[in-house]
Amino acid sequence: MYGGGGGQYDGNGGAANANNLFGGGGFMPSQTTNTPEGSGGGGINKGRGAQTLMPLTVKQLMDASQTNDDKSGFAVNGWEVSTVRLVGRMLNKNERVTDVSFVLDDGTGRIEVNRWENETSDTEEMKLVNDGDYVIVNGGLKGFQGKRHVVAYSVRLVTNYNDITHHFLYCIYVHLDLAKAKSASQPQANAGTSTWNQAPLPNNQSASGNTAGKELTDLVMSVFHDPVLGNMEIGVSVDQVASRLKLSDAVARSTVQHLADIGNLYPTIDDNHFKSALNG
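Residues numbered from 1 in each chain as written. Predicted model: local features only at pLDDT ≥ 70, side-chain atom pairs only at ≥ 80, totals over all residues. Heavy atoms only, no water.

> Which residues make up helix 8 (residues 238-245), and what are the values?
Think of an α-helix as turning once every 3.6 residues; residues three or four places apart then point the same way. Residues of helix 8 that are buried include every one of V238, V241, A242 and L245, and no others. On an axial view of helix 8, the arc spanned by its buried residues comes to 95 degrees, and they lie on one face. Helix 8 presents D239 and S243 as exposed residues on the side facing more than 90 degrees away from its buried surface. Along its buried surface, helix 8 packs onto helix 6 (216-224), strand 12 (236-237), helix 9 (249-261) and strand 14 (273-276). Directly beyond the C-terminal end of helix 8, a positive phi value near 55 degrees is found at K246. (Buried < 20%, exposed > 50% of the residue type's maximum accessible area, 1.4 Å probe, protein only. Helix = DSSP H or I, 4+ residues; strand = E, 2+ residues; numbered from the N terminus. Arc of directions from axis to C-beta. Contact = heavy atoms within 4.5 Å.)

This is the structure we're talking about:
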């Protein structure tokens, strides 16, 4: 999609877009070959990801944990991050003598953005975008007096709306890869410890007589991967999960919601229908 310099969409589609999406200086999930800081599995992972442009949503920025006492560092999914890419709608643009500030709304939240105009090219760049435009922002995440904001290095107008879809798909991809990498780096206390996308059967409840002892999340995901149900355009309903696995509505709903929270499922037509993000 975009290289690390925030270049324009190449317009070629297909494999060319995929290559650009993961190339040119942007974050590659395979680059998470980092050494955890501190001892044990609870440290913050530092490495190439901290200096590399990482695609994120505003909600992820707001939920990011702080990595040091002076509250100047941030981590997402346990990985340190400083340079980010956001895609959203520009609101409340305010032009001053030396800088331009605005609010970015990407549908998951809002965050203030500041773009310093140090060169003539910076000023010309900001003249091309206005309130209501969708923009691509590359910049650094900062914190001041408990409030988070982004200092932008570039602000580009979205000229192909496929870029918005690509950005959010890339965010999902990176989120899942970092979550798996974080889980793999944490030693398990014993063989029965569940991983990031698993949960034991609550209250020893089994889905049926021949499935006792299996992980509940695996059973629920198997329903979403059923060739018949999984290919339905509207997705699989919570009621279908409960009926297929003979679970109570509360257990089915909480498990489905957990899988949605960690990115394995996503809602379709409403809060009761979901599809697997892992298919294909």
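> Give me the packing of helix 8 against helix 9: which residues, what numbers.
In contact at an axis separation of 9 Å, helix 8 and helix 9 are set at 120 degrees when each is read in the N-to-C sense. The pairing of helix 8 with helix 9 is recorded here as oblique in orientation. Like other packed secondary-structure pairs, helix 8 and helix 9 cross with a definite hand, here right-handed. Note on element contacts: helix 9 touches helix 8 through D249, A252, R253 and V256, opposite V238, D239, V241 and A242. Looking at side-chain class alone, the contact of helix 8 with helix 9 contains five nonpolar, no polar and three charged residues. (Axes fitted to C-alpha atoms, helices over the stretch in contact; angles between N-to-C directions. Parallel < 35°, antiparallel > 145°, perpendicular 65-115°, else oblique. Left-handed = near helix turned anticlockwise from the far one by under 90°. Nonpolar A, V, L, I, M, F, W, Y, C, P; charged D, E, K, R; others polar.)

> Describe the nonpolar core, and please don't skip the residues or the numbers.
One finds L61, F102, L104, I111, V113, V137 and V155 to be the most contacted residues of the largest nonpolar core, which totals 28 residues. Every residue in contact with V137, bar those within four places of it in the chain, is listed here: V84, R85, L86, F102, L104, V113, V150, A152, S154 and V155. If you look at the next biggest cluster of nonpolar residues, it comprises 21 residues, including L219, L229, V241 and I262. (Core = buried A, V, L, I, M, F, W, Y, C linked by side-chain atoms within 4.5 Å.)

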